[in-house]
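Working through the structure, step by step
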Amino acid sequence: MAHINENYQNLKDSYLFSDIAKKVAAFSQENPQQEIIRLGIGDVTLPLMPAVISAMHAAVDEMGDAATFRGYGPEQGYDFLREAIAAYYAKNGVSIAADEIFISDGAKSDVGNIVDLFAADNTVLVPDPVYPVYVDTNIMSGRKILYMNATAENGFLPMPDPAVSADMIYLCSPNNPTGAVYNKQQLKAWVDYAREREAVLLFDAAYEAFIGDAQLPHSIYEVEGAKECAIEFCSLSKTAGFTGTRCAYTIVPHALERKGANGATLSLRSMWNRRQTTKFNGVPYIVQRGAAAVFTEEGMQQAHKAIDYYKGNARIIADAFTALGIRFFGGANSPYIWMECPNHMKSWEFFHYLLENAAVVGTPGAGFGENGEGWFRLTGFGDREKTKEAVARISALLKK
Ligand code: MLT
């Protein structure tokens, strides 16, 4: 008899965003006349930028010609893309070798797959509220999970507690779901904590391109010593609208090593390379050509134009909440607005109230953890006119 992974019994029935999609589909079926505005899942709405489209068209032509056709590519990603990303980091003053960069089909997959490198008896530390993938993937592999409180009092930016001992620490900055961003001193405290304990920081930088404040760090490697204790995940989903195109990268520095129980020194970069070459066959050539175009001067300009558009949406939402006297976080260096539910409503209560009375979809804060109860997330990734319409509907409803 096959013994199944019993840990799956410890998961909630369904993934947060699938749960929301089901509820919205049911509402839509019952109310076909209602125009629903979706500001729930952080999915982009602008089309791919011209630089990406023309690079992908050229790559399609290459694939159609025997002289330039390509079959299996390198599992780690093509050099042209790894080098373009290394150059992007160098521009921000961070030196990363191209062979420390691994191209993949998504930060979500990499964040989930990275747990392969760690033993089941590691203790995991995550903020609460948190992107559910960090929690669910560790429940699947049976690890003990500790939560640190992210609350309005600490600006949703929990700091290390010397009394807590953890081996794998997840940080996300700019944060999903709260939009809060760590400064360099705060990240240094985390790097110091991780190095002292020989822990590993799993740093999710998926929203780094939304940082406009020059003082805020885009990468954990802006902190000295981080290469010895941190893995960084980043994605083109939010930077360049690749949610449906799929391309991301993970940085595992050469300097990141840990001792095995037998005393052998293990390189996490070599382990990740071994894992990827075994279980992954790389991202399509056409997609990687499109991704490389993002890092050209023209591509970066176009990407920033789209990011400014989404941040403009976030500002429209933020301004309305300021006018309504609703407390919120995020929205400035992040696409997410993390609002306090009005009239002491609970997160799911507000979700249904908003859906049923304004036909606007958001994400209940409680879906991200206990501390998210009473909070609600809206995204700036919508269409401009629809965002304005959603804000008008919310304002009319909450002014009553
Ligand atoms: C979100 O809405 O939190 C994100 O879109 C989820 C993701 O990036 O996987």
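Nothing here was measured: the structure is a model prediction, and the numbers come from that model.

A few points about the site of the ligand
Within the structure, the ligand sits among F17, I41, G42, Y131, N176, Y207, K238, Y336 and R377. The separation between an oxygen atom of the ligand and a polar main-chain atom of G42 is 2.6 Å. A distance of 2.7 Å separates an oxygen atom of the ligand from a polar side-chain atom of R377. Surface burial for the ligand is 84%, taken as the share of its 270 Å² of free accessible area covered by protein chains. Residue composition of the shell around the ligand, by class: five nonpolar, two polar and two charged.

Things to note about unusual backbone geometry
Excluding glycine, residues mostly have negative phi values, and the peptide bonds linking residues are mostly trans. Here the amide bond leading from S173 into P174 is cis, since omega sits at -5 degrees, within 30 degrees of zero. Mapped onto the fold, P174 is located in the loop between β5 (168-172) and α6 (184-197). Here N176 and P177 are connected by a cis peptide whose omega angle stands at 20 degrees. Mapped onto the secondary structure, P177 falls in the loop between β5 and α6. Positive phi outside glycine occurs at H344, with the angle close to 55 degrees.

Regarding the packing of helix α1 (residues 16-30) against helix α11 (residues 347-358)
Helices that pack against each other are described as a pair by the angle of their axes relative to one another and the distance between those axes. Running from amino to carboxyl end, α1 crosses α11 at an angle of 35 degrees, the nearest separation of the two axes being 11 Å. In terms of crossing hand, the pair formed by α1 and α11 is right-handed. Contact residues: L16, D19, I20, K23, V24 and F27 in α1; W348, F351, H352, L355 and E356 in α11. Taken together, the residues of the contact of α1 with α11 sort by class into seven nonpolar, one polar and three charged.

Overview of the sheet that holds strand β15 (residues 375-379)
Hydrogen bonding along the main chain pairs the strands of a sheet, whether they run parallel or antiparallel. Here we have four strands laid out as an open sheet, ordered β11-β12-β15-β14, and antiparallel in their pairing. Taken across any chain shown, the strands that pair with only one partner, and hence form the sheet edges, are β11 (328-330) and β14 (363-364). As paired elements, strand β12 (residues 336-340) and β15 share five bridges and run antiparallel to each other. When the sheet's bridge partners are listed, M339 is paired in β15 with F376.

Concerning the side chain of E100
Inspection of the secondary structure assignment puts E100 in the loop between α3 (79-91) and β2 (101-104). One buried charge, E100, has no salt-bridge partner; the nearest side chain with opposite charge is K227, at 4.9 Å. Polar side-chain contacts of E100 include one of 2.8 Å to the backbone nitrogen of H254. Discounting residues that sit within four places of it in the chain, E100 has contacts with T250, I251, V252, P253, H254 and R269.

Brief notes about the sheet that holds strand β7 (residues 230-235)
One open sheet accounts for seven strands, arranged β2-β8-β7-β6-β5-β3-β4; its pairing is mixed. Single-partner strands in this sheet number two, and they are β2 and β4 (144-149). Geometrically, the sheet is characterised by an average inter-axis angle of 20 degrees between neighbouring strands, direction not taken into account. Where strand β3 (residues 123-128) meets β4, six bridges bridge the pair, whose relative direction is parallel. Along β4, the bridge assignment pairs V124 with I145. α3 rests against β2, β7 and β8 (248-251) of the sheet, and its axis sits at about 120 degrees to β2.

Quick look at the environment of Q276
Secondary-structure assignment places Q276 in helix α8 (residues 268-279). Among the residues examined, Q276 registers a relative accessible area of 2% and is labelled buried. Beyond its immediate chain neighbours, meaning those up to four positions away, Q276 contacts E75 and D110. Polar contacts involving the side chain of Q276 include one to the side chain of R275, which spans 2.7 Å.

Thoughts on the environment of K386
Position of K386 among the secondary structure elements: in helix α12 (residues 384-399). Taking relative accessible area as the criterion, K386 reaches 41% and is therefore assigned partly exposed. Along the chain, K386 and L39 lie 347 residues apart, while their C-alpha atoms are 9.4 Å from each other. Leave out the neighbours within four places in its chain, and K386 touches E35 and I37.

The rules we used
- Residues numbered from 1 in each chain as written.
- Predicted model: local features only at pLDDT ≥ 70, side-chain atom pairs only at ≥ 80, totals over all residues.
- Heavy atoms only, no water.
- Near = heavy atom within 4 Å.
- Polar contact = N/O pair within 3.5 Å; in protein donor to acceptor, adjacent residues only side chain to side chain.
- Areas by Shrake-Rupley, 256 points an atom, 1.4 Å probe, with all protein chains shown as cover.
- Nonpolar A, V, L, I, M, F, W, Y, C, P; charged D, E, K, R; others polar.
- Helix = DSSP H or I, 4+ residues; strand = E, 2+ residues; numbered from the N terminus.
- Axes fitted to C-alpha atoms, helices over the stretch in contact; angles between N-to-C directions.
- Left-handed = near helix turned anticlockwise from the far one by under 90°.
- Contact = heavy atoms within 4.5 Å.
- Pairing = 2+ DSSP bridges.
- Buried < 20%, exposed > 50% of the residue type's maximum accessible area, 1.4 Å probe, protein only.
- Lys, Arg positive; Asp, Glu negative; His and termini not counted.
- Salt bridge = Lys/Arg side-chain N within 4 Å of Asp/Glu carboxyl O.

These figures capture arrangement, not role.
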